[in-house]
Structures are given as C-alpha cells and as structure tokens.
Amino acid sequence: MQTDIDPRNLIGRKAFDRNGTRIGTVDEVYLDDATGAPEWAAIRTGLFSRDAFVPLEPSEVIAESLHVPFERSLIKDAPDFGVGRHLSPEQELQLYHHYGLDVAPPPPFPDRDFGRLATKEDPTLKGRGERRDL
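The structure contained in this document is the topic of the report that follows. (Residues numbered from 1 in each chain as written. Predicted model: local features only at pLDDT ≥ 70, side-chain atom pairs only at ≥ 80, totals over all residues. Heavy atoms only, no water.)

**Structural notes on the overall build of the protein**
As a reminder of what qualifies: Helix and strand assignments follow DSSP, with helices taken as H or I runs no shorter than four residues and strands as E runs no shorter than two, numbered in order from the N terminus. Here, two residues are considered to be in contact whenever any of their heavy atoms come within 4.5 Å of each other. The protein chains shown are the only cover counted for residues, whose accessible areas, like all others here, come from Shrake-Rupley with a 1.4 Å probe.
Tallying secondary structure elements over the protein gives two helices and six strands in all. Summarising the internal contacts of the protein: among those between residues at least 6 apart in sequence, 42% fall at separations of at least 24. Of the roughly 9000 Å² of accessible surface on the protein, a fraction of 53% belongs to carbon and sulfur atoms.

This is the structure:
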C-alpha cells in the first residue's frame, strides 16, 4: 500500500475489488503493533452487513478509492472477528491464510551443536554428588 497516506484518511473511502466491483466503505483501519503502519482495513460490505477485514498490503489507493486485489466473494467470506477490538496474532494469521498471504515461518536454527547433554556419566560431575539427568 502507499505509505504516504494517513490511515485516518482511508476511513470513509469506497473500496473496490480486483474487478472494480464495489465492496463497501472503509469503516476502520488497524495498525501493526510493532511498526504503527496501516495493516488491515475493516470494510462495511452493506447496510446490514458485517465488516470484512482486508489486508492493506498489497492494496492501493487510486483516485480517492481503496482498490483491493481480491475477489469480492473472497472478501465477504473472510473470518469475522468483529470490529472495534484488537486483532490477536492468531486472528491475523487466519486472515493472512484466508487471503493466501501466509506468513513464512522463521528460518530454522543452524544445525550446530549448542552444547552437550549432561548425564550421569559426565566426568565433570564426578565427586560432587550431583546428578543431572535431563
């Protein structure tokens, strides 16, 4: 998403899907806890409908409207967590998964020997009366 726009200016803008079909109006913007950058928009999908969360990355603002690169049906089927509350990390992962934007798992630790296992046969423990079975 464009980083030069104030997230408060997104509220009230019309939102459109990848085909140019109107989804609804941006109701709320959720910021990333760590960076403070806009991360999710809650879009009111109709007069008596719920708000649907959409990721602001890779969405973009074009001609005073939010354009979301997903189908309207996918947006309407997004998990419903209600608005006005903080999104938990688990809820965010569910949303990323729903949109096919799964966050990659962290890289594995290098395959190194970080230490040795202390056992009864550990020569450094002999004579101390200690036992360290892990």
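**Describing the sheet that holds strand 6 (residues 65-67)**
Heads up, the condition is: Strands are treated as partners if at least two bridges between them are detected by DSSP. Every axis corresponds to a line fitted to the C-alpha atoms, with the helix fit spanning only the stretch in contact, and the corresponding angles, defined between N-to-C directions, vary from 0 to 180 degrees.
With mixed pairing, the six strands of this open sheet are ordered in space as 4-3-2-1-6-5. Two strands in the sheet have a free side with no partner beyond their single neighbour: strand 4 (51-55) and strand 5 (60-62). Between one strand axis and the next, the sheet turns by 40 degrees as a mean value, whatever way the strands run. Pairing geometry for strand 5 and strand 6, over three bridges, is antiparallel. Looking across to strand 6, one finds that E60 is bridged to H67. Here helix 2 (residues 89-98) sits on the sheet and contacts strand 3 (38-44) and strand 4; the angle it forms with strand 3, its principal contact strand, is near 75 degrees.

**A word on the side chain of E39**
Spelled out, the test is: A 1.4 Å probe rolled over the protein chains alone gives each residue an accessible area, and that area as a share of the maximum for its type sets the label: buried under 20%, exposed over 50%, partly exposed in between. In summary, the charge assignment counts Lys and Arg as positive and Asp and Glu as negative, without counting His or the chain termini. A side-chain nitrogen of Lys or Arg and a carboxyl oxygen of Asp or Glu constitute a salt bridge if their distance falls within 4 Å. Here a polar contact is taken to be a pair of N or O atoms separated by no more than 3.5 Å, where protein atoms must pair a possible hydrogen donor with a possible acceptor and residues adjacent in sequence count only if both atoms sit in side chains.
Within the secondary structure, E39 is located in strand 3. Within the buried core, E39 has no salt-bridge partner, and the shortest N-O distance to an opposite charge, that of R85, equals 17 Å. Polar side-chain contacts of E39 include one of 2.6 Å to the side chain of Y96. Apart from the residues lying within four places of it in its own chain, the contact partners of E39 are Y30, L31, D32, V54, P55, L56, E57, E92 and Y96.

**What to know about the nonpolar core**
Condition: Here the nonpolar core consists of buried residues drawn from Ala, Val, Leu, Ile, Met, Phe, Trp, Tyr and Cys, with membership extended through side-chain atoms lying within 4.5 Å.
The biggest cluster of nonpolar side chains holds 25 residues, and the ones touching the most others in it are W40, I43, F53, L66, V68 and I75. If you list the elements that add at least two residues to this core, you get strand 2 (22-31), strand 3, strand 4 and helix 2. Residues contacting I43, with those up to four places away along its chain left out, are A15, I23, G24, T25, V26, D27, R50, D51, A52, V54, L66 and V68.

**Concerning the packing of aromatic side chains**
Here is the rule we go by: Pairing of aromatic rings covers Phe, Tyr and Trp, the last counted by its six-membered ring, and requires centre-to-centre distances within 6.5 Å; plane angles under 30 degrees mean stacked, over 60 mean edge-to-face, and any other angle means tilted.
This structure, assessed with the given rule, holds three aromatic pairs. Between the aromatic rings of Y30 and F53, the centroid separation amounts to 5.1 Å while the plane-to-plane angle is 70 degrees, which identifies the pairing as edge-to-face. Of this pair, Y30 sits in strand 2 while F53 sits in strand 4, placing them 23 residues apart in sequence. Each member of the pair, Y30 as well as F53, is classed as buried. A ring pair is formed by W40 and Y96, whose centres lie 4.9 Å apart and whose planes are at 55 degrees; its orientation type is tilted. Residue W40 is found in strand 3, and its partner Y96 is found in helix 2; the two are separated by 56 residues along the sequence. Judged by relative accessible area, which is 1%, W40 ranks as buried. Look at Y96 and you get buried, because its relative accessible area is 18%.

**Some words on the pattern of salt bridges**
In this structure the tally under the stated criterion is three salt bridges. Close ionic contact of E64 with R13 constitutes a salt bridge, the shortest N to O distance being 3.6 Å. Residue E64 is found in the loop between strand 5 and strand 6, and its partner R13 is found in the segment before strand 1 (14-16); the two are separated by 51 residues along the sequence. Given the relative accessible area of 13%, R13 is considered buried. The salt bridge involving D51 is made with R44; its shortest N-O contact spans 2.9 Å. For D51, a relative accessible area of 4% puts it in the buried group. One network of salt bridges, in which partners are shared, links D27, R44 and D51.

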